[in-house]
Amino acid sequence: MSLVASWLLFPLVLGLLSLGCGLLVEAAAGMKLPQSLLLPLGFAVIVVVCLFTTALSATARLTTPAIVALAVAGLALALPWRPERGNLWAVGSATATYLAFGAPVILSGTATFAGYITLDDTATWLAFTDRLLDHGRNTTGLPPSSFEAALSVNWPGGYPTGVFPPLGVVHELVGIDSAWLFQPYVAFLGAMLALALYGLVGRVIASLPLRALAAFLAAQPALLYGYSLWGGVKEMASAGIIVLVAALTPRVLERGTRPRNLLPLAMAAAALVGVLNFVGVVWIAPILGIALAVGVVVHRRSFVLLAVSFLALVAVLTIPTLALARSFLHGFTDSSGALTQGSELGNLIHPLSVLQGFGIWPAGDFRLRPDNMRLTYVLIAAVAIAALAGLAWAWKCREWGLLLYLAGAGVGCTVAVAIGSPWIDGKALATASPAALVAGMAGVGWLARGGRRVEGGVVILALAAGVIWSNALAYHDVWLAPRSQLRELETIGHRFSGGGPAFMTEYAPFGVRHFLRNLDPEGASELRRRPDLLVDGQEVPKGGYADIDSFQLSGVMVYRTLVLAHSPSASRPPSVYHLVWSGRYYDVWQRAVAPSSTVLEHVPLGTDLQPAAVPACRDVLRLGGVAAASDGRLATVIRPAVAVVNLASAVLPASWQPVSGDPGAVYPARTGVAESGMSVPVSGRYGFWMAGSFRGRVELWVDGRRLATAQDHLNHPGVDTPLGDADLATGVHDVQLRYSAADLRPGSGGPPFALGPLVMSRFTAELPVSYVQPANARSLCGKSLDWLEAVRG
């Protein structure tokens, strides 16, 4: 139900809001616009209005009411409103594009989002969205946390936020967490791009079905599609708004244009600047510069007055962005920044190929070269030749909008690539990549106009095959977030709101930057304000994990709440913390605001996989002396060892390879079965956990009985996948791990992840604390303990 609600309600609500705002601007401008441009224009209006309302903390909460009011006014003024002839083809193209961008999530069967682990930017975008609609860009009063740090690191440098509030507006209206609406939002932006492209090529593609197909294919070039699965919301929005600017510009050049007629184009230009800050000027300057030159030549002095009016209108509409311009430009020109440094790859493996700007790149990961490079070259050549024909045809048909778009996309991308880092180059190529495909489809329009249906069909087949092939591979290799796991963080965030500060020992950007934001959370390997040092004085590196026992006690005690992975290998927190909530993936521990006891010394035991160990008796007695000297006692957790199946030592298929440096894990390259024995020391109910990540289907069989099934679960280090539990008798049991490689499900492709080891245990960290008087300290000698403490009180 959540999947249906997310993917149906979101486009319906944001679509109605965009339509209403688009109709309102059309009425205010006093001009008739192609209906296919109304929704993209309305979305641009929403961006501009949100920039004003979220500029100040006092007006931030008026954002949603303001947008709803404008949309209702626009819809009311347009009554009775009727769709134009051919509008259904535009709607069909946009709907098909929405489904194409949404397919990797929709066909997974769960309301989740893409790009998990690959890039954590989406967690930051959600943090932006959370804060903007409550307090705008103001971070004053925010307690120190990873959530606060994510905002404070980005916003002082003028980071553009125009694309994020529309997501928050719909979140407030439908009541669904913005994390589950994020991918529908990305797909919606793809639909807006398709509508803008449909309105752009009206003169060069006369056939309505062919025009709809052209917009559908050109809206999903491989590189842009790949970035959409990485959370590339700015690239998606920018690509559509640039097309909108180009489509609206020719109408300004018509005779009889009045200043009020400039409003739609000014809104679109201001929206692009709001999404990209002044980088947006690089993309629209060629379009508007050409229009200015033509207008001055054709209309002479009257057009100069119009141009001045337009610039003044844009300046007013971009006031919130202008206020941040100095900070943004300083950050952009800083040679040490990720925006301009030539060696800055970000999450890329190497600089992307310029050929990816032609829209076809059949590789599951756009950072890699396609396996069949020869065929890729052929398809790219077909796009290039068709685009040249389309360019000539657009000139002959006087389709100035398409020509202006190609100029803006070409010049903007060239400038961005020339001055930006490889990380920025990739974004620029993605933003401009619809241009070659739409020009190629214009070439098909030329062939169709001349009656060359066979040749046109061949070109369509080549372009469609290249686009669909490329995006089918991206669909197959998508990185989907584990919804069930993140839903627990959402539940914890609501249930324990205000119970912070909170601490997470794993790398969980979506936890500390979004779901747990009301607990003032910090992640050990995240941006943070408090020194969370390990016992050895080091910090956990970004993306890393450390058990709670590995941290200095003074650093842990700062936090009232601990949100820790529910795992048999995780240590119990210090004795002053108590288990207050337990789920399938996470446990929540809290201490009293003023604990009744004081931990004098905490001695960790165990290893990465074994949370308990038998301490040396001299260490137990020494700690007993510490407790006795303070009139205290010893605290400990008696805990048996867990059973570990070392997959590298199991009977493995020939294609499965052990992981170097991790003897308990393997790479399951192909479908196969790993077999091993597991000894059960005491009869009881045992749970099974699998370390690592897996894309394909995993089945756990014990003594010939299938115990659990899981598929496509990606984990950061420190989080294990629970597979199920079973009653087992004392003795040795046969264990099989069956792995099925890629199938038709999204996310089942790509190279395998390290899988294993398999851990079995009757207990996790929920075991009770035992207290022993110092005189009886020797009674703990020889026992398996989680940790030892000397406590007072």
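Description of the structure in this document. Note that this is a predicted model, so its numbers are computed, not measured.

Cut-offs applied
Residues numbered from 1 in each chain as written. Predicted model: local features only at pLDDT ≥ 70, side-chain atom pairs only at ≥ 80, totals over all residues. Heavy atoms only, no water. Helix = DSSP H or I, 4+ residues; strand = E, 2+ residues; numbered from the N terminus. Buried < 20%, exposed > 50% of the residue type's maximum accessible area, 1.4 Å probe, protein only. Contact = heavy atoms within 4.5 Å. Pairing = 2+ DSSP bridges. Patch = residues over 30% accessible without salt bridge, like charges linked within 9 Å, V, L, I, M, F, W, Y side chains within 5 Å. Areas by Shrake-Rupley, 256 points an atom, 1.4 Å probe, with all protein chains shown as cover. Salt bridge = Lys/Arg side-chain N within 4 Å of Asp/Glu carboxyl O. Disulfide = S-S within 2.5 Å. Axes fitted to C-alpha atoms, helices over the stretch in contact; angles between N-to-C directions. Left-handed = near helix turned anticlockwise from the far one by under 90°. Phe/Tyr/Trp six-rings, centres within 6.5 Å; stacked < 30°, edge-to-face > 60°. Lys NZ or Arg CZ within 6 Å of the ring centre and 35° of its normal.

1. Here we look at the side chain of Ser238
Phase 1 of the analysis: Relative to the helices and strands, Ser238 resides in helix α11 (residues 233–252).
Phase 2 of the analysis: Exposure remark for Ser238: the relative accessible area of 0% places this residue in the buried category.
Phase 3 of the analysis: Setting aside chain neighbours within four positions, we find Ser238 in contact with Leu272, Val275, Leu276 and Thr431.

2. Some words on the pairing of strand β19 (residues 785–792)
Two faces make up the sheet, and in a regular strand the side chains alternate between them.
Phase 1 of the analysis: The buried count for β19 comes to 7 of 8 residues, which makes it a mostly enclosed element.
Phase 2 of the analysis: Here 6 bridges tie strand β6 (residues 598–604) to β19, and the two strands are oriented antiparallel to one another. Looking at β19, one finds that Val603 is bridged to Leu788.
Phase 3 of the analysis: Both strand β7 (residues 633–638) and β19 contribute to a ladder of 5 bridges, which runs antiparallel. Following the sheet pairing, Arg633 is matched in β19 by Val791.

3. With respect to a nonpolar patch on the surface
Phase 1 of the analysis: Taken together, Leu9, Leu12, Leu16 and Leu75 make up a surface patch of nonpolar side chains, about 320 Å² in accessible area.
Phase 2 of the analysis: A per-element tally of the nonpolar patch places helix α1 (residues 2–29) first, with 3 residues.
Phase 3 of the analysis: Here Leu12 is to be found in helix α1.

4. Considerations on the pattern of salt bridges
Phase 1 of the analysis: The final tally for this structure, using the stated rule, is 17 salt bridges.
Phase 2 of the analysis: Lys542 is the salt-bridge partner of Asp120, the closest N and O atoms lying 3.3 Å from each other. Within this pair, whereas Asp120 is found in the loop between α4 (87–106) and α5 (121–135), its partner Lys542 is found in the loop between β2 (521–523) and α24 (553–556), the two being separated by 422 residues in sequence.
Phase 3 of the analysis: Owing to a relative accessible area of 16%, Asp120 belongs among the buried residues under this scheme.

5. A short note on the state of the cysteines
Phase 1 of the analysis: Counted by the stated rule, this structure contains 1 disulfide.
Phase 2 of the analysis: The disulfide partner of Cys617 is Cys781, and the gap between their sulfur atoms is 1.9 Å. Measuring the twist about the S-S bond at about 70 degrees, one finds the Cys617-Cys781 disulfide to be right-handed. With Cys617 in helix α25 (residues 617–629) and Cys781 in the loop between β18 (770–772) and β19, this residue pair connects regions lying 164 residues apart in the sequence.
Phase 3 of the analysis: Its relative accessible area of 25% is what places Cys617 among the partly exposed residues.
Phase 4 of the analysis: When its relative accessible area of 21% is taken as the criterion, Cys781 is described as partly exposed.
Phase 5 of the analysis: Take Cys21: it sits in no disulfide, and the sulfur closest to it among the cysteines is that of Cys50, at 8.8 Å.

6. A few points about the sheet that holds β19
Phase 1 of the analysis: Taken together, 4 strands build an open sheet; the order of strands is β6-β19-β7-β18 and the sheet is antiparallel. Edge positions in the sheet fall to β6 and β18, since each of these pairs with one other strand and no more. For this sheet, the mean inter-axis angle between neighbouring strands, taken without regard to orientation, is 25 degrees.

7. Let's talk about the environment of Gly231
Phase 1 of the analysis: Inspection of the secondary structure puts Gly231 in the loop between α10 (222–228) and α11.
Phase 2 of the analysis: When the C-alpha positions of Gly231 and Val680 are compared, they lie 45 Å apart, and in sequence the two are 449 residues distant.
Phase 3 of the analysis: Residue contacts for Gly231: discarding those within four places in its chain leaves Thr122, Trp125 and Phe182.

8. Looking at the packing of α1 against helix α3 (residues 63–78)
Phase 1 of the analysis: The contact between α1 and α3 brings their axes to 7 Å, and the two run at 60 degrees. Considering only the axes of α1 and α3, their crossing is left-handed. Contacts between α1 and α3 pair Leu16, Leu17, Leu19, Gly20, Cys21, Leu23 and Leu24 from the former with Ile67, Val68, Leu70, Ala71, Ala73, Gly74, Leu75, Leu77 and Ala78 from the latter.

9. A closer look at the sheet that holds strand β4 (residues 578–582)
Phase 1 of the analysis: Taken together, 5 strands build an open sheet; the order of strands is β2-β1-β3-β5-β4 and the sheet is mixed. One side of each edge strand has no neighbouring strand; the edge strands of this open sheet are β2 and β4. With direction set aside, neighbouring strand axes in the sheet form an average angle of 25 degrees.
Phase 2 of the analysis: Here strand β1 (residues 502–504) runs beside strand β3 (residues 561–565); their pairing, made up of 2 bridges, is parallel. In the sheet register, Ala502 faces β3, and the bridge partner there is Thr561.
Phase 3 of the analysis: Its contacts with the sheet put helix α22 (residues 483–495) on β1, β3, β4 and β5 (586–590), and the angle it makes with β5 is roughly 25 degrees.

10. Focus: the packing of aromatic side chains
Centre distance and the angle of the planes are the two values used to describe a pair of aromatic rings.
Phase 1 of the analysis: The final tally for this structure, using the stated rule, is 24 aromatic pairs.
Phase 2 of the analysis: One aromatic cluster in this structure is built from Phe113, Tyr116, Trp180, Phe510 and Phe515.
Phase 3 of the analysis: The cationic tip of Arg633 hangs over the ring face of Tyr771; the distance from NZ or CZ to the ring centre is 4.1 Å.
Phase 4 of the analysis: Arg695 extends its terminal NZ or CZ atom over the ring of Trp479, reaching a point 4.8 Å from the ring centre.

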